[in-house]
Amino acid sequence: MRGLLCLLLVLGLVGCASSSGKAGNLIEAARLNTEAGVKYAQKGEYSPALERLKRAVGQDESYANAHAGLAFVYQRLGDTKLAEKHYRRALALDDGNPALKNNFGVFLCASDQSAEAERYLLDAAQSPIYATPAAAWTNAGVCVKSRDPVRAEGYFREALRVAPDYSEALAQMALVSFARQDYLRTRAFIQRYGVLKNPNPELLYVGTRAETALGDLHAAELYATQLLQQFPQSPEAATLRSQHP
């Protein structure tokens, strides 16, 4: 789902275990394999990541981070059945992990389970221990936008309340404003986003349309040029070319 960009592999890994003996050695090994698997996954090396994380679950089936890592990898590989299985197992073992709830909420939303997704995303957003609540607020807004745009806007505004410069929330508010034909607010949010320094094809296209409506043809041309030069194969560039053959 476009806009849901906040799938974060942040699992709060620990490096050692306090148990002793054979069981303690297996627990330690599970944590080390999970840490290695996560590092592979963060680099997009999913085959070795899968191998290490499966090994970790075999060594300590009750280790939530290993299941969370497997869920992340299976989601990236498009195996939704196994991804959901391991997300639910991880949450059963560690239901207070807001980063895990954010990831599962993103997964559920992309799987057209938006009502359940919203609950997990709001739990993450409202957690006092979550380092990036703006990500969860924004994800919640994107998830409900098609069925309740007013509530979605409230979530985007909450994201900006806790993190005024959070780029994804600024982008979403620009799109909300543009849909309302509020071009001055569209301009303001796009400028706060800094689209010329952090190019985004959708916002460049919206900026072109908004500035044209406001009569600033120079600004519209800047956005259009960057869109066509940096994202020539994007749907937005194709739409722009069709409008101005």
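Residues numbered from 1 in each chain as written. Predicted model: local features only at pLDDT ≥ 70, side-chain atom pairs only at ≥ 80, totals over all residues. Heavy atoms only, no water.

Peer 1: Would you mind going over the overall build of the chain with me for this structure?
Peer 2: Summing up its helical and strand segments, the chain has 13 helices and 0 strands in all. Counting from the amino terminus, the chain carries its helices and strands in the arrangement α-α-α-α-α-α-α-α-α-α-α-α-α. Principal axes of the C-alpha set define a box for the chain whose edges measure 75 × 35 × 30 Å. Here the chain holds 245 residues, and the buried ones make up 48% of them. Residue pairs at least 24 apart in sequence account for 50% of intrachain contacts in the chain once pairs closer than 6 positions are excluded. Working note: accessible area of the chain is about 12200 Å², and carbon and sulfur atoms make up 52% of it. Charge centroids of the chain, computed over 27 positive and 25 negative side chains, lie 2 Å from each other. (Helix = DSSP H or I, 4+ residues; strand = E, 2+ residues; numbered from the N terminus. Buried < 20%, exposed > 50% of the residue type's maximum accessible area, 1.4 Å probe, protein only. Contact = heavy atoms within 4.5 Å. Areas by Shrake-Rupley, 256 points an atom, 1.4 Å probe, with all protein chains shown as cover. Lys, Arg positive; Asp, Glu negative; His and termini not counted. Charge placed at Lys NZ, Arg CZ, Asp CG, Glu CD.)

Peer 1: What is the right way to read the state of the cysteines from this model?
Peer 2: Each disulfide is one covalent bond, formed between the sulfur atoms of two cysteines. The final tally for this structure, using the stated rule, is 1 disulfide. Sulfur-sulfur distance for the disulfide between C109 and C143 comes to 2.2 Å. The chirality of the disulfide connecting C109 with C143 is right-handed, given an S-S dihedral of about 120 degrees. Here C143 lies in helix α7 (residues 133–144) and C109 lies in helix α5 (residues 98–110), a separation of 34 residues in the sequence. Residue C143 is classed as buried on the basis of its relative accessible area, which comes to 4%. (Disulfide = S-S within 2.5 Å.)

Peer 1: It is not clear to me how the nonpolar core should be interpreted in this structure. Could you clarify?
Peer 2: The nonpolar side chains of soluble globular proteins are, as a tendency, buried together. If you look at the biggest cluster of nonpolar residues, it comprises 66 residues, and the most contacted ones within it are V73, I190, V195 and L203. By residue number, the principal contributor to this core is helix α9 (residues 167–179), which donates 8 residues. Those residues in contact with V73 that lie beyond four places of it in its chain are A41, Y46, A49, L50 and L53. (Core = buried A, V, L, I, M, F, W, Y, C linked by side-chain atoms within 4.5 Å.)

Peer 1: Looking at this model, I keep getting lost on the packing of α5 against helix α6 (residues 114–125). Mind explaining?
Peer 2: Packed helices, taken two at a time, are described by their axes: the angle between them and the distance between them. Between α5 and α6, the shortest axis-to-axis distance is 8 Å and the interhelical angle comes to 160 degrees. It follows from the interaxial angle that α5 and α6 lie roughly antiparallel. The chirality of how α5 crosses α6 is left-handed. Each of P98, K101, N102, F104, G105, V106, L108 and C109 in α5 lies in contact with α6, whose residues at this interface are S114, E116, A117, Y120, L121, D123 and A124. Of the residues belonging to the contact of α5 with α6, the class tally is 9 nonpolar, 3 polar and 3 charged. (Axes fitted to C-alpha atoms, helices over the stretch in contact; angles between N-to-C directions. Parallel < 35°, antiparallel > 145°, perpendicular 65-115°, else oblique. Left-handed = near helix turned anticlockwise from the far one by under 90°. Nonpolar A, V, L, I, M, F, W, Y, C, P; charged D, E, K, R; others polar.)

Peer 1: Got a minute to help me understand the confidence of the model for the chain in this structure?
Peer 2: Note that predicted coordinates carrying low pLDDT should not be read in detail. Summarising the model, the chain shows a mean pLDDT of 90, and 90% of its residues fall at 70 or more. Below a pLDDT of 50 lies the segment residues 1–6, which in the model reaches 21 contacts outside its immediate sequence neighbourhood of four places, other chains included. Under a pLDDT of 50 for its full length, residues 12–20 has, in the predicted model, 18 contacts with residues more than four places off or in other chains. (pLDDT = per-residue confidence, 0-100.)

Peer 1: I'm lost on α7 in this one. Help?
Peer 2: Since one α-helical turn is 3.6 residues long, residues separated by three or four positions face the same way. Here α7 spans 17 Å end to end across 12 residues, near enough to the 16 Å set by a 1.5 Å rise per residue. The buried fraction of α7 is high, at 12 of 12 residues. Residues P133, A134, A135, A136, W137, T138, N139, A140, G141, V142, C143 and V144 constitute the buried set of α7. Buried residues in α7 make contact with α5, α6, α8 (149–162) and α9. (Expected span 1.5 Å × (residues − 1).)

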